[in-house]
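# Structural overview
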Amino acid sequence: MSPPTTETTVAPPSAAARELASPVVPLVSRQFDDASPQARTVAGGCLSVILLGASGDLAKKKTFPAIFNLYKQGFLPNDQLQIFGYARSKMTDTELRNRIRGYRDMEDSWILSCSWQVTYISGPYDEESGYIKLSEQIASHENNKCGTTCSTRRLFYLALPPSVYPLVSRMVRKHCMNPHSLVFGVHVTGGWSRVVVEKPFGKDLASSEDLSSELGKLFTEDQLYRIDHYLGKEIVQNLLVMRFANRFFVPLWNRDNIANIQIVFKEDFGTEGRGGYFDEYGIIRDIIQNHLLQVLCLVTMEKPVSLTPEHVRDEKVKVLRAVQPIRDEDVVLGQYEGYKDDPTVPKDSVTPTFASIILHINNERWDGVPFIMKAGKALDSRKAEIRVQFKDVPGDIFKCQKQGRNEFVMRLQPSEAMYMKLTVKQPGLDMKATQSELDLSYQQRYQDVVIPEAYERLILDTIRGDQQHFVRRDELRVAWEIFTPLLHRIDEGKLKAVPYEQGSRGPKEADELLNVRAGYVRTDGYIWIPPSLKA
Ligand SMILES: NC(=O)C1=CN([C@@H]2O[C@H](COP(=O)(O)OP(=O)(O)OC[C@H]3O[C@@H](n4cnc5c(N)ncnc54)[C@H](OP(=O)(O)O)[C@@H]3O)[C@@H](O)[C@H]2O)C=CC1
Ligand SMILES: O=C1O[C@H](COP(=O)(O)O)[C@@H](O)[C@H](O)[C@H]1O
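Report follows, based on the coordinates. (Residues numbered from 1 in each chain as written. Chains lettered and ligands numbered in written order. Predicted model: local features only at pLDDT ≥ 70, side-chain atom pairs only at ≥ 80, totals over all residues. Heavy atoms only, no water.)

### Overview of the overall build of the protein chain
The helix and strand tally for the protein chain stands at 15 helices and 17 strands. Expressed as a percentage of its 535 residues, the buried residues of the protein chain come to 55%. (Helix = DSSP H or I, 4+ residues; strand = E, 2+ residues; numbered from the N terminus. Buried < 20%, exposed > 50% of the residue type's maximum accessible area, 1.4 Å probe, protein only.)

### Some words on the sheet that holds strand β13 (residues 383-390)
Spatially, β16-β15-β14-β13-β9-β12-β11-β10-β17 is the arrangement adopted by the nine strands of the open sheet, whose pairing is mixed. Two strands lie at the open edges of the sheet, namely β16 (433-441) and β17 (497-500), each paired on one side alone. Sheet twist, expressed as the average angle between the axes of neighbouring strands with direction ignored, equals 20°. The pairing of strand β10 (residues 331-336) with strand β11 (residues 354-359) spans four bridges and is classified as antiparallel. By the bridge assignment for β11, Leu333 is matched with Ala355. Most of the contacts of helix α15 (residues 508-517) go to β11, to which it runs at about 10°, and overall it touches β9 (258-266), β10, β11, β12 (371-376) and β17. (Pairing = 2+ DSSP bridges. Axes fitted to C-alpha atoms, helices over the stretch in contact; angles between N-to-C directions. Contact = heavy atoms within 4.5 Å.)

### Points about the site of ligand 1
Not every one of the 20 residues close to ligand 1 is listed here, only the nearest: Ser55, Leu58, Arg88, Ser89 and Tyr125. Here a nitrogen atom of ligand 1 and a side-chain polar atom of Asp57 are 2.8 Å apart. At 2.4 Å from an oxygen atom of ligand 1 is found a side-chain nitrogen or oxygen belonging to Ser89. For the shell around ligand 1, the per-class residue count stands at 12 nonpolar, three polar and five charged. (Near = heavy atom within 4 Å. Polar contact = N/O pair within 3.5 Å; in protein donor to acceptor, adjacent residues only side chain to side chain. Nonpolar A, V, L, I, M, F, W, Y, C, P; charged D, E, K, R; others polar.)

### Observations regarding the side chain of His291
Residue placement: His291 occurs in helix α10 (residues 275-300). Apart from residues no more than four positions distant in its own chain, His291 is found in contact with Lys199, Asp228, His229, Tyr230 and Asp286.

### Concerning the environment of Glu142
Considering the arrangement of structural elements, one finds Glu142 in helix α6 (residues 128-146). Separated by 62 residues in the primary sequence, Glu142 and Gln80 place their C-alpha atoms 8.2 Å from one another.

### A closer look at the pairing of strand β15 (residues 417-425)
Bridge analysis of strand β14 (residues 407-413) against β15 gives five bridges, and the strand direction is antiparallel. Among the inter-strand pairings, Val409 is bridged to a residue of β15, identified as Tyr419. Counting the residues between successive antiparallel strands, the hairpin from β14 to β15 contains three residues, one of them, Ser415, with a positive phi of roughly 55°. As defined by bridge partners, β15 adjoins β16 across nine bridges and the pair is classed as antiparallel. The partner of Met420 across the bridge, within β16, is Leu438.

### Overview of the packing of aromatic side chains
A complete count under the given rule lists 15 aromatic pairs for this structure. Among the aromatic residues, those joined into a cluster by ring pairs are Phe278, Tyr336, Tyr339, Phe354 and Tyr500. Looking at Arg194, its charged tip hangs above the ring of Trp192, at a distance of 3.9 Å from the centre. A cation over an aromatic ring shows up here: Lys203 above the ring of Tyr281, its NZ or CZ 5.4 Å from the ring centre. (Phe/Tyr/Trp six-rings, centres within 6.5 Å; stacked < 30°, edge-to-face > 60°. Lys NZ or Arg CZ within 6 Å of the ring centre and 35° of its normal.)

### Section: the packing of α6 against helix α7 (residues 165-176)
Closest axis-to-axis distance for the α6/α7 pair is 9 Å, and the angle between their directions is 45°. Relative to α7, α6 is oriented oblique. Crossing angle aside, the handedness with which α6 passes α7 is right-handed. Of the residues in α7, those in contact with Glu128, Tyr131, Ile132, Leu134 and Ser135 of α6 are Val168, Met171, Val172, Lys174, His175 and Cys176. Across the contact of α6 with α7, the residue classes tally to seven nonpolar, two polar and two charged. (Parallel < 35°, antiparallel > 145°, perpendicular 65-115°, else oblique. Left-handed = near helix turned anticlockwise from the far one by under 90°.)

### With respect to α10
Of all the bends found along α10, the most pronounced is centred on Gly282 and spans about 100°. Counted residue by residue, α10 has 23 buried out of 26 residues, so it is predominantly covered. (Bend = angle between axes of the 7 residues up to and from the residue.)

### Thoughts on the state of the cysteines
Under the defined criterion, the tally for this structure stands at zero disulfides. For the unlinked cysteine Cys176, the closest cysteine sulfur is that of Cys46, found at 16 Å. (Disulfide = S-S within 2.5 Å.)

### Brief notes about the pattern of salt bridges
By the definition in use, this model includes 32 salt bridges. A salt bridge links Arg170 to Glu214; the nearest nitrogen and oxygen atoms lie 3.1 Å apart. Placement of the pair is Arg170 in helix α7 and Glu214 in helix α8 (residues 205-218), with a sequence separation of 44 residues. By relative accessible area, Arg170 is classed as partly exposed at 38%. Judged by its relative accessible area of 28%, Glu214 falls in the partly exposed class. We note a salt bridge from Asp328 to Arg489, for which the minimum N-O separation is 2.7 Å. Placement of the pair is Asp328 in the loop between α11 (309-321) and β10 and Arg489 in helix α14 (residues 473-491), with a sequence separation of 161 residues. (Salt bridge = Lys/Arg side-chain N within 4 Å of Asp/Glu carboxyl O.)

### Some thoughts on unusual backbone geometry
Across the chain, the bulk of peptide bonds are trans and the bulk of non-glycine residues have phi less than zero. Here the bond from Lys199 into Pro200 is cis, since omega is -5°, no more than 30 degrees from zero. Mapped onto the fold, Pro200 is located in the loop between β7 (192-198) and α8. A positive phi angle, near 55°, is found at Ala378, a position not held by glycine. Its place among the elements puts Ala378 in the loop between β12 and β13. Judged by relative accessible area, which is 4%, Ala378 ranks as buried. A positive phi angle, near 55°, is found at Ser415, a position not held by glycine.

In structure tokens:
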């Protein structure tokens, strides 16, 4: 096997590349300096998207719909696209298409009118024959559509359990990489092969490093896209713009003004048939170590030198390195009652389905500010948000502390919004202060804008070769360094999950942790109602 090569492309933009030009150019992710691989990569030619694990949950719910939506919006080449599904399950092309169609009720007529089709290949993950067949089918599509001269692009998406990544990656590397574009190790026709891998990337530092080394032997870092779909969410993508393009926030975003920050993920349903997977990982590996930690990076990092992916990721790594070891007294774990009734969950499972953890960042900006990372399944609502609580005003003459503190809330989902809780004069003759808000609710402000799904954005980024919103290897290592000691203590039974009622706020101990150890001050009697729900 030849060693992996760095992709270098030299062909001028083709007509197909121009066809791929985005109708909307997002502000953050589309700016590259001339030296970046993205700027050099020609984004045109035949495109094969190969979904390994095509029979699975992620493929059905997220990946296929995202590809269809991108195509529908004109982001993918009209006549040079082909989707290949690969998995062990026996299925025909039509059965796979029906499966995809069935999920989101995608319009039959529209799917049938696509000039390309979904091809399904059934094969084992551990035998070469399946990959040889897959490779032949891709080559045949490329020859039919492009001949041998134009650039060909192969996007391999591993929608599979991480345990099979090394095996599948070795097979892909050996049999399915793009042969046309390599001449003496250099891509001369603008072609590429890229590989998307899903989280969780390992179970702890050691297993993640093993996985990274395995993949590193097969692919270069710029061929590997470690996807964390929270980085594709609209409000998460807005974080750098909000923080670094608004004078308001520049002087306030630090330990002098901010009392605490919460990053919260709540789901109002349990494991729903994914208990087998979930029980092996638990809520910290499933949500906090990746999704919430990525959000924390963007909330706390210093301003990058520029928006090139490496500059942004350098800053993320830097702030992660300043996160302090997690103390047991800063952790509350929970397991919802009824979790073990799921037939795929062992009857004696102690896996946490809820965790609230206080992190501390030891740097000049954040020393002393508690960051509360809270995630749970089967809670009272489904939402994800970042809540920045400011300190009290010194010398308060209005007795505002009783009203509540200023908060800046960024709601990732549902109903994207940003609002600022502030104290104003209650309208009327009395000089009385009350809580109100400045509100930017996306549904109201951007009524004609369809907010893309995170997976749409990130899959498009992989096709464009933009790695800003993907996790770099060193970033992943530090993320595991932060959580591995705690995870090992949990695995050894040193920390126990307390039971909580389904549909509740989680264990009451988590509220105590928030109030007592993180100093969060709740505003009684104030609830933000999204404008869409107001009469
Ligand atoms: N589902 C979701 O909402 C999300 C999933 N992810 C990640 O995406 C990846 C795929 O997830 P998901 O689709 O839910 O997983 P699934 O359990 O649905 O697995 C996907 C496919 O992999 C094959 N497979 C399952 N178990 C094994 C095994 N032990 N050995 C070999 N092959 C197996 C099956 O295909 P066959 O038997 O036909 O070969 C299955 O259809 C995971 O890494 C997950 O963490 C990330 C975010 C959200
Ligand atoms: O990665 C995962 O994310 C989903 C939640 O994603 P969202 O975009 O709907 O917030 C979660 O349900 C799943 O357990 C986890 O693996």
